[in-house]
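# Chains, contacts and geometry: an overview
Spelled out, the chains give:
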Amino acid sequence: AGIASDLGIQYNINRRFSIMAELGIMYSNNWELISKDGYNWMHWENFDGEVFVSEGFNNLNLFNLSIGIKPKLYFLPGKKLNPFIYTGININYTHAKYTDNQWEDYVAHGLNDPEDTPYNPWLRKNVGFGFNPGLGIEYNPSEKISIFLTAGYYHIFINKKNFQSYEPASISDLNAFLIQAGIRYSFIKSKSL
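Everything numeric here is computed off the predicted structure, so don't read it as measured data.

## Structural notes on the overall build of the protein chain
- Broken down by element type, the protein chain carries 1 helix and 9 strands.
- Traced from its N-terminal end to its C-terminal end, the protein chain shows the element sequence β-β-β-β-β-β-α-β-β-β.
- In terms of overall dimensions, the protein chain is more spread out than a globule: its C-alpha atoms have a radius of gyration of 23 Å, far above the 16 Å expected for 193 residues.
- Dimensions along the principal axes, computed over C-alpha positions, put the protein chain at roughly 80 × 30 × 30 Å.
- Taken over 193 residues, the protein chain has a buried fraction of 33%.
- The contacts in the protein chain between residues at least 6 apart in sequence include a share of 65% that link residues at least 24 apart.
- Summed over its atoms, the accessible surface of the protein chain is roughly 12700 Å², and 61% of this surface lies on carbon and sulfur atoms.
- With 16 positive and 18 negative side-chain charges, the protein chain shows a spacing of 30 Å between the two charge centroids.

This is how it looks when you write it as structure tokens:
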């Protein structure tokens, strides 16, 4: 789970079709990967030989900034409730910050070999294209204000070489499902629409 926020400017070509230029942010902290048997891959335990020393969790945070355009098609223009669909195309800057708390604890207890380096298979930084289809509904209480609810999907292409450890079998693109609510304010109105 995480947070997502978008800011955009929408141009209405006609009552049914609009194009939006959009800036968006997605952020998710403390990612966990829990297998079917309940094992959490972010959990760790340190031992000195067979003696238990400590345990904890590593941290993985994801940040994505997107800039794109989003065509929208409305089905019931002029109605109070107006459903729509959209398909956005965007360019994304994605960064994953991994904190290896196990390694830091390992070093703090003097259990490391001076020549050892920490394991870090996570994404450093990536710039890539993506697409964002979805659907939504707008409630129009007045000519100026609209309240909307959307459900969408993001697919962002990741260059596998941007991972610290290049292991192709375990690397995939970024996929995210978003539910968002917001307000659209119409500050210019055309009489021709």
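Next comes the rest of the account.
## Side note on helix α1 (residues 101-108)
- Looking only at α1, the buried set comprises N101, W103 and D105.
- Buried positions along α1 lie against β3 (43-48), β4 (51-57), β5 (59-74) and β6 (81-99).
- In the segment just after α1, G110 is the residue with positive phi, at about 65°.

## Considering the pattern of salt bridges
- For the structure shown, the criterion picks out 3 salt bridges.
- The partner of E138 in a salt bridge is K72, and the shortest N-O contact between them spans 4.0 Å. Of the two residues, E138 sits in strand β7 (residues 125-139) while K72 sits in strand β5, which places them 66 residues apart along the sequence. The pair E138 / K72 is uniform in exposure class, with both members buried.
- For the salt bridge of R184 with E138, the shortest nitrogen-to-oxygen distance reads 2.7 Å.

## Observations concerning the nonpolar core
- Membership of the largest hydrophobic core comes to 14 residues, with the highest contact counts inside it found for M26, Y154, I156 and I158.
- Among the secondary structure elements, those contributing two or more residues to this core are β5, β6, β8 (145-156) and β9 (174-185).
- With 3 residues, β9 is the single largest residue contributor to this core.
- Setting aside residues up to four positions removed in sequence, I156 forms contacts with M26, N64, N92, T94, F129, G130, D173 and L174.

## Concerning the packing of aromatic side chains
- With the rule as written, the count across this model stands at 8 aromatic pairs.
- Ring centres of F84 and Y86 lie 6.3 Å apart, and the angle between their planes is 35°; on these two criteria the pair is classed as tilted. The residues F84 and Y86 share a single accessibility class, namely buried.
- Judged by centre distance (5.1 Å) and plane angle (40°), the ring pair of Y153 and F177 falls under tilted. Remark: F177 occurs in strand β9 and Y153 occurs in strand β8; sequence separation between them is 24 residues.

## Points about a nonpolar patch on the surface
- Taken together, the side chains of L7, L23, I67, I91, V127, F129, F131 and F157 make up a nonpolar region of the molecular surface, amounting to roughly 790 Å² of accessible area.
- The dominant element in the nonpolar patch, judged by the number of residues it contributes, is β7, at 3 residues.
- Examined against the element boundaries, F131 turns out to sit in strand β7.
- Residue classification places F131 among the partly exposed positions, given a relative accessible area of 33%.

## A few points about the side chain of T150
- Tracing the sequence through the fold places T150 in strand β8.
- Apart from residues no more than four positions distant in its own chain, T150 is found in contact with F84, Y86, L135, G136, L178, I179 and Q180.

## Remarks on the sheet that holds strand β2 (residues 17-28)
- With antiparallel pairing, 7 strands are arranged side by side in an open sheet as β1-β2-β5-β6-β7-β8-β9. Looking at strand neighbours, the two that pair on one side only are β1 (3-12) and β9, the edges of this open sheet. This sheet shows a mean twist of 20° between the axes of neighbouring strands, independent of strand direction.
- Where β8 lies against β9, 12 bridges are found, and the strand directions are antiparallel.

The rules behind the values
Residues numbered from 1 in each chain as written. Predicted model: local features only at pLDDT ≥ 70, side-chain atom pairs only at ≥ 80, totals over all residues. Heavy atoms only, no water. Helix = DSSP H or I, 4+ residues; strand = E, 2+ residues; numbered from the N terminus. Rg over C-alpha atoms; globule rule 2.2 N^0.38 Å. Buried < 20%, exposed > 50% of the residue type's maximum accessible area, 1.4 Å probe, protein only. Contact = heavy atoms within 4.5 Å. Areas by Shrake-Rupley, 256 points an atom, 1.4 Å probe, with all protein chains shown as cover. Lys, Arg positive; Asp, Glu negative; His and termini not counted. Charge placed at Lys NZ, Arg CZ, Asp CG, Glu CD. Salt bridge = Lys/Arg side-chain N within 4 Å of Asp/Glu carboxyl O. Core = buried A, V, L, I, M, F, W, Y, C linked by side-chain atoms within 4.5 Å. Phe/Tyr/Trp six-rings, centres within 6.5 Å; stacked < 30°, edge-to-face > 60°. Patch = residues over 30% accessible without salt bridge, like charges linked within 9 Å, V, L, I, M, F, W, Y side chains within 5 Å. Pairing = 2+ DSSP bridges. Axes fitted to C-alpha atoms, helices over the stretch in contact; angles between N-to-C directions.

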